[in-house]
Amino acid sequence: MDILEDLTPAQTEAVTHIDGPLLVLAGAGSGKTRVITRRIAHLLSRGIPAGQVLAITFTNKAAGEMRERTEALVPDARPPLVTTFHSFCARMLRQYADVLDLDPKYTIYDTADQKAAIKRALGQLALDPTHFDPGRCAEFISRAKNRLQRAKHYAASPRTDFWAKNLARIYEAYEAILAESHALDFDDLLLEVALGMREHPEFRAALHERFRYILIDEYQDTNHAQYVIARDLAGERRNLCATGDPDQSIYGWRGAQLSNILDFEKDFPDARVVRLEKNYRSTKTILAAADGVIRHNRDRKAKGLFTDNPEGDRLRVILTDDEEAEARTLALRIRQLTDRGLAHRDIAVFVRTVAQTRAIEDALRHARPPIPYEVVRGTSFYERKEVRDILAYLEVIHNPHDEVNLRRIINTPARGIGEKTVEALAAWARREGVSLFDALPHAADIADLPTRGRGALVAFLQLLDHLMQEPQDSLQHLIDTVITETGYADSLQGDDAQERQENLNELVTLGEAFDRDAAEHADDPDAPRGLEGFLQTVCLTSDQDGYDGALDRVPLMTLHAAKGLEFPAVFIAGCEDGLLPHARSQESPSDVEEERRLFFVGMTRARQFLTLTYARYRRIRGRLERHTASRLERHTASPFLSEIPAETAALADERTGTSPAPFREGRGYTAPGADRTIRSETDPETGFAVGEVVRHPTYGLGRILRFLTAGGRRMVRVRFNTVGEKTLDPEFARLVKVADV
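Since the model is a prediction, treat every value here as computed from it, not as a measurement.

Asker: How would you summarise the overall build of the protein chain if you had to cite specific residues and measurements?
Answerer: Looking only at helices and strands, one finds 28 helices and 24 strands in the protein chain. Taking the principal axes of its C-alpha atoms as reference, the protein chain extends roughly 80 × 75 × 60 Å. Looking at the protein chain as a whole, 55% of its 741 residues are labelled buried. Long-range pairs, those at least 24 residues apart, make up 73% of the contacts in the protein chain between residues at least 6 apart in sequence. On the protein chain, the mean spot of the 99 positive side-chain charges and the mean spot of the 114 negative ones are 5 Å from each other.

Asker: Explain unusual backbone geometry to me, using residue names and the numbers behind them.
Answerer: Arg-368 connects to Pro-369 through a cis peptide bond whose omega is -5°. Position of Pro-369 among the secondary structure elements: in the loop between α17 (357–366) and β13 (373–375). Residue Pro-413 is bonded to the preceding Thr-412 through a cis peptide linkage, with omega at -5°. Inspection of the secondary structure puts Pro-413 in the loop between α19 (403–409) and α20 (419–432). Positive phi outside glycine occurs at Ala-126, with the angle close to 55°.

Asker: Please give an account of the packing of helix α23 (residues 475–485) against helix α25 (residues 497–520) that cites residues and values.
Answerer: The interhelical angle for the contact between α23 and α25, taken along N-to-C directions, is 155°, at an axis separation of 7 Å. Relative to α25, α23 is oriented roughly antiparallel. The chirality of how α23 crosses α25 is right-handed. Of the residues in α25, those in contact with Leu-475, Gln-476, Ile-479, Asp-480 and Ile-483 of α23 are Leu-504, Leu-507, Val-508, Gly-511, Glu-512, Phe-514 and Asp-515. Split by residue class, the contact of α23 with α25 holds seven nonpolar, two polar and three charged.

Asker: Could you give me a rundown of the confidence of the model for the protein chain, with the residues and numbers involved?
Answerer: The predicted model of the protein chain averages 88 in pLDDT, with 92% of residues at 70 or higher. When mean pLDDT is taken per element in the protein chain, strand β15 (residues 567–572) scores highest with 98 and strand β18 (residues 631–634) scores lowest with 54. A low-confidence stretch, residues 621–631 (pLDDT under 50), is modelled with 13 contacts involving residues beyond four sequence positions or located in other chains. Per-residue pLDDT stays below 50 along residues 664–681; that stretch engages in 35 contacts with residues further than four places along the chain or on separate chains.

Asker: Any details on the domain arrangement of the protein chain? Residues and values, ideally.
Answerer: In terms of domains, the protein chain is made up of domain 1 (9–97 + 193–278), domain 2 (107–181), domain 3 (294–378 + 547–623 + 630–653), domain 4 (385–540) and domain 5 (692–737). Distance from the C-alpha centre of domain 2 to the C-alpha centre of domain 5: 25 Å. Here domain 2 is connected to domain 5 by zero salt bridges. In the side of domain 2 that touches domain 5, the residues fall into three nonpolar, two polar and three charged.

Asker: Can you tell me about the sheet that holds strand β19 (residues 649–653), naming the residues and giving the values?
Answerer: The strand order β13-β14-β12-β15-β16-β11-β19 describes an open sheet built from seven strands, whose pairing is parallel. A strand with exactly one partner marks an edge of an open sheet, and here the two such strands are β13 and β19. Averaged over all pairs of adjacent strands, the angle between their axes in this sheet comes to 20°, without regard to strand direction. The pairing of strand β11 (residues 315–320) with β19 spans five bridges and is parallel. Residue pairing for β19: Leu-315 is matched across the bridge by Ala-649. Here helix α15 (residues 284–294) sits on the sheet in contact with β11 and β16 (606–615), set at roughly 50° to β16. Set on the sheet, α17 makes contact with β12 (347–351), β13 and β14 (554–558); between it and β13 the angle comes to about 160°.

Asker: How would you summarise α23 if you had to cite specific residues and measurements?
Answerer: All of the buried residues in α23 are Leu-475, Leu-478, Ile-479, Thr-481, Val-482 and Ile-483. Buried residues belonging to α23 abut α18 (385–398), α22 (451–468), α24 (488–491), α25 and α26 (530–539). Where α23 ends, the next residue or the one after it, Gly-487, has phi of about 80°, a positive value.

Asker: How would you sum up the packing of aromatic side chains? Please name residues and give values.
Answerer: What characterises a pair of aromatic rings is the spacing of the ring centres plus the angle enclosed by the ring planes. Within this structure, the stated rule accounts for 13 aromatic pairs. Seen from their ring centres, Phe-58 and Phe-85 are 5.8 Å apart, and the 65° between their planes marks the pair as edge-to-face. Taken together, the residues Phe-58 in the loop between β2 (53–57) and α3 (60–73) and Phe-85 in helix α4 (residues 85–95) connect sequence positions 27 residues apart. The class for Phe-85 is buried, based on a relative accessible area of 2%. Each ring, one from Phe-350 and one from Phe-567, has its centre 6.2 Å from the other, and the planes form 65°; the classification is edge-to-face. Of this pair, Phe-350 sits in strand β12 while Phe-567 sits in strand β15, and the two are 217 residues apart along the sequence. Relative accessible area serves as the criterion here: at 0%, Phe-350 is assigned to the buried category. On the basis of relative accessibility, which here comes to 2%, the residue Phe-567 falls in the buried class. What links up through ring pairs into an aromatic cluster is the set Phe-132, Phe-140, Phe-162 and Trp-163. Cation over ring: Arg-143 sits above Phe-140, and NZ or CZ is 4.9 Å from the ring centre.

Asker: An account of the pattern of salt bridges is needed here, citing residue identities and associated values.
Answerer: Under the criterion given, the structure shown has 53 salt bridges. Here Arg-94 makes a salt bridge to Glu-532, at a shortest N to O gap of 3.6 Å. Pair noted here: Arg-94 is in helix α4 and Glu-532 is in helix α26, with a separation of 438 residues, a long-range link. For Glu-532, a relative accessible area of 31% corresponds to the partly exposed category. Taking the shortest distance from any N to any O, the salt bridge between Arg-431 and Asp-448 comes out at 3.7 Å. Of this pair, Arg-431 sits in helix α20 while Asp-448 sits in the loop between α21 (436–439) and α22; the two residues are 17 residues apart in sequence, bridging distant segments of the chain. Given a relative accessible area of 53%, Asp-448 falls into the exposed group. Ionic contacts of the salt-bridge type, sharing partners, join the residues Lys-32, Asp-217, Glu-218, Asp-221 and Lys-563 into one network.

Asker: Pulling in residues and values, what's your account of a negative patch on the surface?
Answerer: On the surface, a cluster of negative charge is contributed by Asp-495, Asp-496, Glu-499 and Glu-502. Locating Glu-499 in the fold gives a position in helix α25.

Asker: So what's going on with the nonpolar core? Residues and values would help.
Answerer: Core analysis: the biggest nonpolar cluster contains 50 residues, and Leu-394, Leu-464, Ile-479 and Phe-534 have the highest contact counts within it. Elements that contribute at least two residues to this core include exactly α18, α19, α20, α21, α22, α23, α25 and α26. With near-sequence residues (within four places) excluded, Phe-534 lies in contact with Leu-391, Leu-394, Leu-475, Ile-479, Leu-507, Leu-510, Gly-511 and Phe-514. Counting residues in each nonpolar core, the second largest holds 47 residues, with Leu-25, Val-193, Tyr-219 and Ala-230 among its members.

Asker: Outline the sheet that holds β2, listing residues and values.
Answerer: Here six strands make up an open sheet; going across it, the order is β3-β2-β6-β7-β1-β8 and the pairing parallel. The open sheet terminates on both sides in strands that have one partner only, identified here as β3 (81–84) and β8 (272–276). Across the sheet, the mean angle from the axis of one strand to that of its neighbour is 15°, orientation sign disregarded. When strand β6 (residues 213–216) meets strand β7 (residues 240–244), the two strands line up parallel, connected through three bridges. Paired with Ile-216 across the two strands is Ala-242, which belongs to β7. The sheet strands contacting helix α1 (residues 9–16) are β1 (22–26) and β8, and the helix crosses β8 at an angle near 140°. Together, β2, β3 and β6 form the strand contacts of α4, whose direction differs from that of β3 by roughly 110°.

Rules and cut-offs
Residues numbered from 1 in each chain as written. Predicted model: local features only at pLDDT ≥ 70, side-chain atom pairs only at ≥ 80, totals over all residues. Heavy atoms only, no water. Helix = DSSP H or I, 4+ residues; strand = E, 2+ residues; numbered from the N terminus. Buried < 20%, exposed > 50% of the residue type's maximum accessible area, 1.4 Å probe, protein only. Contact = heavy atoms within 4.5 Å. Lys, Arg positive; Asp, Glu negative; His and termini not counted. Charge placed at Lys NZ, Arg CZ, Asp CG, Glu CD. Axes fitted to C-alpha atoms, helices over the stretch in contact; angles between N-to-C directions. Parallel < 35°, antiparallel > 145°, perpendicular 65-115°, else oblique. Left-handed = near helix turned anticlockwise from the far one by under 90°. Nonpolar A, V, L, I, M, F, W, Y, C, P; charged D, E, K, R; others polar. pLDDT = per-residue confidence, 0-100. Domains from an automatic or database assignment. Salt bridge = Lys/Arg side-chain N within 4 Å of Asp/Glu carboxyl O. Pairing = 2+ DSSP bridges. Phe/Tyr/Trp six-rings, centres within 6.5 Å; stacked < 30°, edge-to-face > 60°. Lys NZ or Arg CZ within 6 Å of the ring centre and 35° of its normal. Patch = residues over 30% accessible without salt bridge, like charges linked within 9 Å, V, L, I, M, F, W, Y side chains within 5 Å. Areas by Shrake-Rupley, 256 points an atom, 1.4 Å probe, with all protein chains shown as cover. Core = buried A, V, L, I, M, F, W, Y, C linked by side-chain atoms within 4.5 Å.

Here it is as structure tokens:
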């Protein structure tokens, strides 16, 4: 087919641009993927070798779709490398490991592995995990790595706060544990490539010679490390095509910098800028409603979105009594849509937080007949204990120095190797300067080990040696062998034994599917294969990767997971102040703008029908309620609802069948300007003010978030550097005001 067939003038301009920087501002539903794949095909048609083209996006699902479309456009050409940032970096680090002084068989630590390693670091430093929450430490370390700070760079910065000083020590210990385990975490994949290009001229030259045309999708979601990688990959040729939409930047909480796309023209003053403003997805009404909301943001690049699609139905905005009534309403409306001919897979339900799904799941299950659904969480399968255990065996087979996973399996299933035995073995390994795995062959000679423990360790090493001799090119065979030979299948007991066995069977099935896919792409040198490829694929799985649009089930997912998808009908539940925008975001105008972008993303997933629901009351669970029934908390409509143009929406109160009072004009959040300032909320009962910095004798420094009443007492919600958010009674908490820091 003609590569330029059926493209608009703007799309054609983006596709045919060859050399020099290019910024494609692609509005929601504007055919962005079509433009990227056609651009790749056009580059290949101009004689540019596929090996010189690199396309990077943010999910495996999007990368797979781009690869398939590109192959369909140029079926006889070798496909270029189309991948995600993390997969690209993982691949480059293995291929150039000798240059970068890395073990090519390094393990990639996921979030759970990272927390386990940080717990070990805390133990080595005799620091209490209660005061230094491993998850909180991981967040701070991640931020440092996104700023391209290794532990030594972080420690070199002047630190006066108790928490920050100790975090520097934790980071150093954690980094040492990773090095000993020949492991990298997610952030390391980016860090090592970004710094590798700075510190190793040979590595930088190799990448510059290899990749001459760089295409980065979802550029608005890049963090600092990804920005540096993209910029430095382009090098002096500056053949960087950045595609994205500032109105869809929703990952600031994990380090994404909106300024990367907003300032692209500052980085590349001669960049060509193409705006894709024609929407092919949504009705005129849905597009007008979404545009009316996003126009309230100030940090954006204006676009004139339009569509040739029909006018379509007005949005439905439905008020219900509580979350259970809301869920029943969703079930009823879904049934009405399927009665009109929509399939279940054509209807999606979006929520702001995973906690909202419980009531909705109950309503869908108890509908008559039940409504088939799936909660889209791509990583949840791999988080199940039995699956993680078998994957840990595979990690150790691939990288025996991986101490986190070796400790996980050394007595799983139980084989008589207790914690004291493991620590005695680890102590000997530290004295001898070897890894825990390298200490295993010496177990019989270590006097500190109990006799029974020595025998168990010898048997365990024999088991690992046997498993490591198994061929690693067939994952189906290897996974099945590990499950059988370790005795794991026989160890499953209890009421959930059958379910856990089925999960292991599913893991074997996934191995078989991976083998089949590798065979189908045997001619593609970039296709993942073997044990290393399987582990990398599993580790870099995202929520969207677990979604199979071919199954006729209603997908239930968070708004973040919905990015990049589209459905004929969309429901967004919980459109309430405190949920959307989330309560955590309301301290910062820029955070509120990101919440508005998140709402905009959800709205623009809908093609024909869009329904927004909110509740008068919602059950709130928390530590204060652990001894009582869930309390009902009054909620108000999201301020974003008031920003929807009145002519695009129909309001309904599900209880009365009438329209609720219209939303007051101008209730929405806006960034502070000349006509609006943020004033501290001083609470007369406690004497504290929102935004005020306080010190707690145990938790250290924190900032007042809000006030609430529970059990007749006035409470204060504080976000601490050390342990995150806590709800405290100021009468007993001994909070002391301090100067802002």
